[in-house]
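Secondary and tertiary structure notes
What follows is the residue order along each chain.
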Amino acid sequence: MNKTVEVLPDRSALVARSLELILSKLETAIEQRGRFTIALAGGSTPKPLYEAIAAEKLPWDKIHVFWGDERYVPPEHPDSNELMTRQAWLDRVDIPAANIHAIPTLEGDPAASAAKYEQHLQEFFNSRPGEFPSLDVVLLGIGDDAHTASLFPHTEALKVRDRLITVGNKDGNPRITFTYPFINSARSVIFLVTGANKRPALAQIFAPVADELTYPSRLIQPQGELWWLLDAEAGSEL
């Protein structure tokens with residue numbers, strides 16, 4: 001694992017740096033493999049990044065978009081990560097519908113939806129059960145409790161090591177989420193973290209020793225590159 005931590009002056013600088021990094025990974029991936037695969041994060045932090053990507057002139061037909069987690073709500077629901085991304089980015093560009101790999105949430109059974117998305121990923125990457133394909137980039141954030149994706153402290157999702165997708169649990173509400181071994185198979189994992197409220201979580205994530213079930217972001221140790229991009233408010237005590 002190649003780990004890099006950068007503290008940027010403010011949110012706009014963080015967006016600019018993350019855009020630069022993603023465009024570099026995109027160029028390399030298309031040059032080497034003919035396509036670029038990226039898994040997106042939800043929340044307010046990456047939204048301006050998605051708006052910035054939408055303003056770029058890119059080979060949209062070679063870009064494939066996935067999501068690292070999703071609330072178990074219909075895609076038009078205000079809480080949907082997919083809806084936010086479509087409004088900020090995907091609906092603004094000429095990306096083929098087949099290149100948008102949304103997490104299914106209409107089955108009425110989160111476990112069935114997780115299995116359906118896993119099967120879709122296996123078909124896309126031509127991988128077999130038990131294999132962990134490599135996305136070019138996985139974007140992540142963290143919560144005040146040090147969760148990432150929908151991998152929340154002391155939940156069953158943290159124990160899943162043999163699947164790509166599982167069911168997360170947030171206060172009794174199901175989520176669909178990448179498993180941590182699948183995240184760790186990525187070529188690049190990029191954390192985007194803003195705000196002073198994230199300092200206590202970051203202190204535990206970066207501590208020499210701490211419990212991974214209590215601070216799940218510690219489980220993210222990818223085989224490829226690990227980037228932590230922090231604004232000054234979040235990173236001032238590191």
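A few points on the structure. Since we're looking at a predicted model, the values are computed, not measured.

Cut-offs and rules
Residues numbered from 1 in each chain as written. Predicted model: local features only at pLDDT ≥ 70, side-chain atom pairs only at ≥ 80, totals over all residues. Heavy atoms only, no water. 1 Å grid on protein atoms, 1.4 Å probe; cavity = no way out; pocket = protein on both sides within 12 Å on 5 of 7 lines; lining within 4 Å. Points joined across faces, edges and corners; volume = space filled by probe spheres on them. Helix = DSSP H or I, 4+ residues; strand = E, 2+ residues; numbered from the N terminus. Nonpolar A, V, L, I, M, F, W, Y, C, P; charged D, E, K, R; others polar. Pairing = 2+ DSSP bridges. Axes fitted to C-alpha atoms, helices over the stretch in contact; angles between N-to-C directions. Contact = heavy atoms within 4.5 Å.

1. Digging into empty space enclosed by the protein
Within the structure shown, the criterion is met by 1 cavity of 30 Å³ or more. What the largest cavity holds in volume is close to 40 Å³. Lining of the largest cavity is provided by Ile-22, Leu-23, Leu-26, Phe-36, Ile-38, Ile-53, Leu-58, Ile-63 and Trp-89. Taken together, the elements giving at least two residues each to the lining of the largest cavity come down to α1 (11–33) and β2 (36–40). It is α1 that contributes the most residues to the lining of the largest cavity, 3 residues altogether. Broken down by class, the residue content of the lining of the largest cavity amounts to 9 nonpolar, no polar and no charged.

2. Some points on the sheet that holds strand β7 (residues 173–178)
With respect to topology, 3 strands assemble into an open sheet ordered β4-β7-β6, the strand pairing being antiparallel. What marks the edges here is a single partner per strand, and that holds for β4 (69–71) and β6 (165–170). Strand after strand, the sheet turns through a mean of 30° between neighbouring axes, direction not considered. Sheet analysis places β4 next to β7, joined by 3 bridges and oriented antiparallel. When the sheet's bridge partners are listed, Glu-70 is paired in β7 with Ile-176. Most of the contacts of helix α4 (residues 110–125) go to β6, to which it runs at about 145°, and overall it touches β6 and β7.

3. Considerations on the layout of surface pockets
Gaps left between atoms show up when a probe the size of a water molecule is rolled over them. Taken as a whole, the largest pocket holds about 450 Å³ of empty space. Forming the boundary of the largest pocket are 25 residues, of which Gly-42, Gly-43, Gly-141, Ile-142 and His-147 lie nearest the centre. When contributions to the lining of the largest pocket are tallied by element, the ones reaching two or more residues are β4, β5 (137–140) and β8 (188–193). In the lining of the largest pocket, the residues fall into 10 nonpolar, 10 polar and 5 charged.

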